[in-house]
Structure formats: structure tokens, C-alpha cells
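# Report on the structure
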Amino acid sequence: MEKPKLTYFDAPVSRGEECRLALHLAGVEFEDERIARADWPAMKEQTPYGAMPVLTLPGKPPLAQTNAILALVGRRYGLHPADDFEAARHEGMMQHVEDLRATLSPTLRMGAAEKTLAREALVADYFPAWARRAEKNILGTPFFGGNRLQVVDIKLFIAVRWFNGGAVDHIPATIFDAYPKLTGVHDAVRDHAGVRAWYARH
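Residues numbered from 1 in each chain as written. Predicted model: local features only at pLDDT ≥ 70, side-chain atom pairs only at ≥ 80, totals over all residues. Heavy atoms only, no water.

### Describing the pairing of strand β1 (residues 5-9)
- Within β1, four of the five residues are buried, which leaves it mostly tucked inside the rest of the structure.
- Taken together, the five bridges between β1 and strand β2 (residues 31-35) define a ladder with parallel strand orientation. Counterpart to L6 in the pairing with β2 is D32.
- Note: β1 against strand β3 (residues 54-56), three bridges, orientation antiparallel. Across the sheet, T7 pairs through a bridge with V54, a residue of β3. (Buried < 20%, exposed > 50% of the residue type's maximum accessible area, 1.4 Å probe, protein only. Helix = DSSP H or I, 4+ residues; strand = E, 2+ residues; numbered from the N terminus. Pairing = 2+ DSSP bridges.)

### Structural notes on helix α4 (residues 84-104)
- For α4, built from 21 residues, the straight-helix expectation of 30 Å at 1.5 Å per residue is met to within 8% by its first-to-last C-alpha distance of 31 Å.
- Along α4, the residues classified as buried are A87, R89, H90, M93, M94, H96, V97, E98, L100, R101 and L104.
- Structurally, α4 contributes buried residues whose contacts are with α1 (14-25), α3 (66-77), α5 (112-137) and α6 (151-164).
- Here α4 starts with a cap whose side-chain oxygen sits 3.1 Å from the backbone nitrogen of F85, and that cap is D83. (Expected span 1.5 Å × (residues − 1). Contact = heavy atoms within 4.5 Å. Polar contact = N/O pair within 3.5 Å; in protein donor to acceptor, adjacent residues only side chain to side chain.)

### Digging into the pattern of salt bridges
- The tally for this structure, following the rule as stated, stands at 14 salt bridges.
- E33 is the partner of K5 in a salt bridge, and the nearest nitrogen-oxygen pair spans 3.7 Å. One end of the pair, K5, is in strand β1; the other, E33, is in strand β2, and 28 residues separate them in sequence.
- Of the residues examined, K5 reaches a relative accessible area of 25% and is grouped as partly exposed.
- Looking at E33, the relative accessible area reads 25%, which means it is partly exposed.
- Note that R101 and E18 form a salt bridge whose closest N and O atoms lie 2.9 Å from each other. Of the two residues, R101 sits in helix α4 while E18 sits in helix α1, which places them 83 residues apart along the sequence.
- Among the residues examined, E18 registers a relative accessible area of 0% and is labelled buried.
- What you see here is one network of salt bridges that share partners, running through D10, E17, R20, D32 and R34. (Salt bridge = Lys/Arg side-chain N within 4 Å of Asp/Glu carboxyl O.)

### Observations concerning the environment of D187
- Looking at the secondary structure, you find D187 in helix α7 (residues 180-190).
- What makes D187 partly exposed here is its relative accessible area of 29%.
- Along the chain, D187 and R133 lie 54 residues apart, while their C-alpha atoms are 19 Å from each other.

### Section: the sheet that holds β2
- Strands sit in the order β2-β1-β3-β4 across an open sheet of four strands; the sheet is mixed. A strand with exactly one partner marks an edge of an open sheet, and here the two such strands are β2 and β4 (63-64).
- Pairing analysis gives two bridges linking β3 to β4, with the strands arranged antiparallel. Within β4, the position partnered with V54 by the bridge is A64.

The following block contains the structure:
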């Protein structure tokens, strides 16, 4: 039988990595198609929305948009709430992560001086406000919704991990340290046996 295929850049980061982790934790055997950045321009118009990741399932048209992929995997494999209101609450937080990425992304294409000023402004204002709003909506422990890891937790983990590594210029690796619920979700996902198994192999 043909396996599902997830297509994303050849990097263990961002939207593609959270979808890979979700499929792995769901126990889905999938083709992990990793695209070199040099090959992306020729592929772009072949994707549903001109972006990756893209999930291809046997007998279905390609599915794009990260949160749609995560919600589908989550619903099918018990990694997303069955209750419709709780599912919507999780999806709200998933969009909150996308808002963070959308705010930071323009700085990736800036020159050095402009980038420094822009990111220093985000550190002073946007990032603390974003983290406060995330913190007040995390109602469970150790995960967003309680004892079970779900796709929203994977998304929060990947987002927080990006900054914790200290690899984002002009943004302190400690930017989220004052938010124990947010960092608690990150740590709980990082220490999850299935997540550790994924990174032991990759």
C-alpha cells in the first residue's frame, strides 16, 4: 500500500518538523520527503498554496497549511480533542503560534542594521505580549490540555525550541523563561519518550 508522504525542506525545524513529529507520534509510517532549498522554486507552483509542508495521502488531493495537516492527523490518531469546543481552543493556540511566525518572518529578509532594530523592538514589546497571551490560555499541565500530548503541544514545542537554542539573532535564548506554563509545555514535549525516540533517529 502507498504510504502517506510529507514534503518539506530538508531541515528539522518549523512547520514541517511539527508535522513530522505528529505523524511519528501517531504511529504513521510515512515517506519523509525532504526538499533542497535550491529545488523549491521549481516546485512552488505545484503545491496547493505555494508553500510547504504538503501532506499527500493515497487517493486524496495534496493537503497543505500546517494547522490543517496537524488537525487532520490529530483527529485521526487521538492527538486532538474530540470535544468540538476544546478542539477549537487548541486550534486558537495553534494560530497564535502562526501569528508569531508571521510577525518574525519579515525580519529574516532584512539587512543587518534593519534586522537588529526590528528584532530589538519585537523583544521589547511583541514577544512578551505574545508569551503572556499564550501563558493565560494554557490551562492544563504538563501539556496544553492536561496529561496527554496533542498536536498543539508539538507546535508550541517547535516554536519555543527555535528561540531557546539561541540561534535567532538579537533575540535572547531566555526570551520565554519568565513564562512557566509555556516553558513547561516545551519541556514536557522535549522529554516525551516518542519525541526523544524521533530525535535519536534524526
